[in-house]
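Remarks on the overall topology
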Amino acid sequence: MNATAAKPAPAGLVPLDDALKTLLAHATPLGRTETVSLLAADGRVLARAETSPLSVPALDNAAMDGWALRAADAAEGAVLPVSQRIAAGQVGQPLAAGSAARIFTGAPVPDGADTVVQQEHTEALDGGARVRLLKPVKLGQHVRRAGEDVQRGATVLRAGERLTPAAIGMAASLGLAQLEVAHRPRVALLCSGDELREPGSIAPADMPAGAIFNSNRYTLHLLLRRLGCEVQDAGSIPDAPGATVQALSCAAESADLIITSGGVSVGEEDHIRAAVQQLGELHFWRLAIKPGKPFAFGRVRGAHFIGLPGNPVSSYVTFLLLVRPFVLRLAGVEHVAPPALTLRAAFDWKAGSRREFLRVRRNAAGEVERFANQGSGVLTSLHWADGLLDAPADCDIARGDAVRFLSLTELLA
Ligand code: AMP
Ligand code: MG
């Protein structure tokens, strides 16, 4: 990449990293918790660490169907009498010296035995009364040791982690039936714009000139839901100051966070900022990134407030970069930084004065291709993309350069 001189962000615009710091400084975890059953815990944030009440496995056990014996008795070609049979769920007797125990996967290895020989490396004689060993045997082979997976008392699930099917399986393997998780953050969602019409309320062919369908209501609702929020769809706000104040004030009564779309730019029909200042305060406004300049953060009465841009790509991108870490932190998640990869660009790019997040896709060679139209209203670019390329300000990109790639799949997980 070819940097011209490092320049400060354009006047009056907040650099993205500063914006994130301010957001996280205000994102005190909400702290309300509830106890839920394992199947209801998927995707929730664990509120209290869990330590293991037992070791897993609890006893040394066989990793294969075969024979438990002492390695010292197990020379290649040796023939051993079979002294007992131990199936999974049973516990055998101490192993008689010089003998072998028939054993099945998962069954506890009897006292005195130190090794399991797999069935395929043996020959049963006299209808299973004796067994011949056909291969050399290694001391300790095919024995799963007690506690090799989890030690009793170890912390197995950490407070602040988002629970996955694997984490919940771990809880089940330790006998835990319920987990204490953070309450879902309550987020009120409002869309502003007199031009908006709801899908289903009017046939596309009958749309008046200048009207558009409300798409942000759906994308933002679903993004919030994926992050584990309880979404309160508070409908639309007309482009009028009084109605905006009333809608925000009403949303603040029951929400932890109010998110609006549109109406936070510099036009005369943008009434949201003034309403926020009247009802609370604005911490900052306008980001030094593209897309997504008209972004506002503040407070409306007791609720946090985030004003997203109206353009569909801008609201989506700023949601992933800033709202995502903010709401995860409200729920108590510790690690909220987006996972980034370093990949190679398959195109040349002329930098602008703002840091830019390009809609890109990995090709079969693992390089990153760019969607041709990077306009902030072009939702097709997001539908096509599998990631965002973090293109620095004032720093051109040449084909083959290493670039920072944020996977949309991971950001949406
Ligand atoms: P604004 O931020 O209100 O100036 O809106 C910027 C652009 O985004 C305008 O072209 C709006 O029509 C469009 N827009 C605003 N809200 C939405 C929405 N909910 N869904 C789709 N497009 C929107
Ligand atoms: Mg508007």
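The paragraphs below set out a description of the structure included in this document. (Residues numbered from 1 in each chain as written. Chains lettered and ligands numbered in written order. Predicted model: local features only at pLDDT ≥ 70, side-chain atom pairs only at ≥ 80, totals over all residues. Heavy atoms only, no water.)

Moving on, we come to the side chain of Ser192. Within the secondary structure layout, Ser192 lies in strand β14 (residues 186-192). Among the polar contacts made by the side chain of Ser192, one reaches the main-chain carbonyl oxygen of Gly262 at a distance of 3.4 Å. Discounting chain neighbours no more than four positions away, the residues touching Ser192 are Ile237, Asp239, Ser261, Gly262, Gly263 and Ile272. (Helix = DSSP H or I, 4+ residues; strand = E, 2+ residues; numbered from the N terminus. Polar contact = N/O pair within 3.5 Å; in protein donor to acceptor, adjacent residues only side chain to side chain. Contact = heavy atoms within 4.5 Å.)

The local shell around ligand 1 holds 15 residues, among which Glu195, Asn214, Gly263, Gly310 and Asn311 are the closest. Here an oxygen atom of ligand 1 sits 3.2 Å away from a polar atom, N or O, in the main chain of Gly310. A distance of 3.1 Å is found between an oxygen atom of ligand 1 and a backbone nitrogen or oxygen belonging to Asn311. In isolation ligand 1 has 490 Å² of accessible area, and contact with the protein removes 77% of it. The residue makeup of the shell around ligand 1, split by class, is four nonpolar, nine polar and two charged. (Near = heavy atom within 4 Å. Areas by Shrake-Rupley, 256 points an atom, 1.4 Å probe, with all protein chains shown as cover. Nonpolar A, V, L, I, M, F, W, Y, C, P; charged D, E, K, R; others polar.)

Side chains that are nonpolar tend, in soluble globular proteins, to be buried together. Ranked by size, the top nonpolar core spans 47 residues in total, and within it Ile259, Phe295, Ile306, Phe319 and Phe326 carry the most contacts. Per element, the largest residue contribution to this core is twelve residues, and it comes from helix α6 (residues 312-330). Sequence-distant contacts of Ile306, that is, excluding residues within four places in its chain, are made with Leu23, Leu257, Ile258, Ile259, Thr260, Phe295, Ala296, Phe297, Val323 and Phe326. Of all hydrophobic cores here, the second largest spans 20 residues; its members include Val245, Val264, Val276 and Leu282. (Core = buried A, V, L, I, M, F, W, Y, C linked by side-chain atoms within 4.5 Å. Buried < 20%, exposed > 50% of the residue type's maximum accessible area, 1.4 Å probe, protein only.)

Next up on the list: helix α3 (residues 216-226). In an α-helix, one turn spans 3.6 residues, which is why side chains three or four residues apart end up on the same side. Looking only at α3, the buried set comprises Asn216, Arg217, Leu220, His221, Leu223 and Leu224. Considered in projection along α3, the buried side chains sweep an arc of 165° and stay on one side of the axis. Those residues of α3 that are exposed and angled more than 90 degrees off the buried face are Arg225 and Arg226. Lining the buried residues of α3 we find β14, β17 (230-237), β18 (257-261), β22 (303-308), α6 and α8 (408-412). Following α3 by one or two positions, Gly228 adopts a phi angle in the positive range, close to 90°. (Arc of directions from axis to C-beta.)

For helix α4 (residues 241-251), every residue scored as buried is listed here: Thr244, Val245, Leu248, Ser249 and Ala251. Projected down its long axis, α4 carries its buried residues within an arc of 160°, all on one side. In this structure, the buried residues of α4 make contact with β14, β17, β18, α5 (272-279), β21 (296-300) and β22.

So, about the environment of Leu341. With respect to the element layout, Leu341 can be found in strand β23 (residues 340-344). Given a relative accessible area of 36%, Leu341 falls into the partly exposed group. Apart from residues no more than four positions distant in its own chain, Leu341 is found in contact with Arg362, Val403, Arg404 and Phe405.

Before going further, it helps to examine the pattern of salt bridges. One pass over the structure, following the stated rule, counts 17 salt bridges. Note that Arg186 is salt-bridged to Asp256, the shortest N-O span being 3.0 Å. Here the residue Arg186 occupies a position in strand β14, and Asp256 occupies one in the loop between α4 and β18, the gap between them amounting to 70 residues. For the salt bridge of Arg362 with Asp386, the shortest nitrogen-to-oxygen distance reads 3.1 Å. Here Arg362 is found in strand β24 (residues 355-362), whereas its partner Asp386 is found in the loop between α7 (379-384) and β26 (387-391), with 24 residues between them in sequence. (Salt bridge = Lys/Arg side-chain N within 4 Å of Asp/Glu carboxyl O.)

Another point: the sheet that holds β14. Pairing within the open sheet is mixed, and its six strands lie in the order β17-β14-β18-β22-β21-β19. In this open sheet, the two strands that pair with only one neighbour each are β17 and β19 (280-285). Ignoring which end each strand starts from, the neighbouring axes of this sheet average 20° apart. Pairing of β14 with β18, which is carried by five bridges, proceeds in the parallel orientation. (Pairing = 2+ DSSP bridges. Axes fitted to C-alpha atoms, helices over the stretch in contact; angles between N-to-C directions.)

Take unusual backbone geometry next. Cis geometry is adopted by the peptide bond preceding Pro57, which originates at Val56 and carries an omega value of -10°. Residue placement: Pro57 occurs in the loop between β3 (50-51) and β4 (61-62). Cis peptide bonds are those with omega within 30 degrees of zero, and the linkage from Lys290 to Pro291 qualifies with -5°. In this fold, Pro291 is placed in the loop between β20 (289-290) and β21. We note that His142 has phi near 55°; this positive angle belongs to a residue other than glycine. Among the structural elements, His142 can be located in the loop between β10 (130-133) and β11 (143-144). His142 sits in the partly exposed class, given a relative accessible area of 27%.

As a further point, take the sheet that holds strand β5 (residues 66-69). Whenever strands of a sheet pair, they do so through backbone hydrogen bonds, lying parallel or antiparallel. The six strands lie next to each other as β8-β5-β7-β6-β10-β9, forming an open sheet whose pairing is mixed. The open sheet has two edge strands, β8 (115-118) and β9 (122-125), and neither has a second partner. Here the average twist between neighbouring strands, direction ignored, is 40°. Relative to strand β7 (residues 100-103), β5 runs antiparallel, the two sharing three bridges. Opposite Ala68, over in β7, you have Ala101 as the bridge partner.

Shape is all these values report; function is a separate question.
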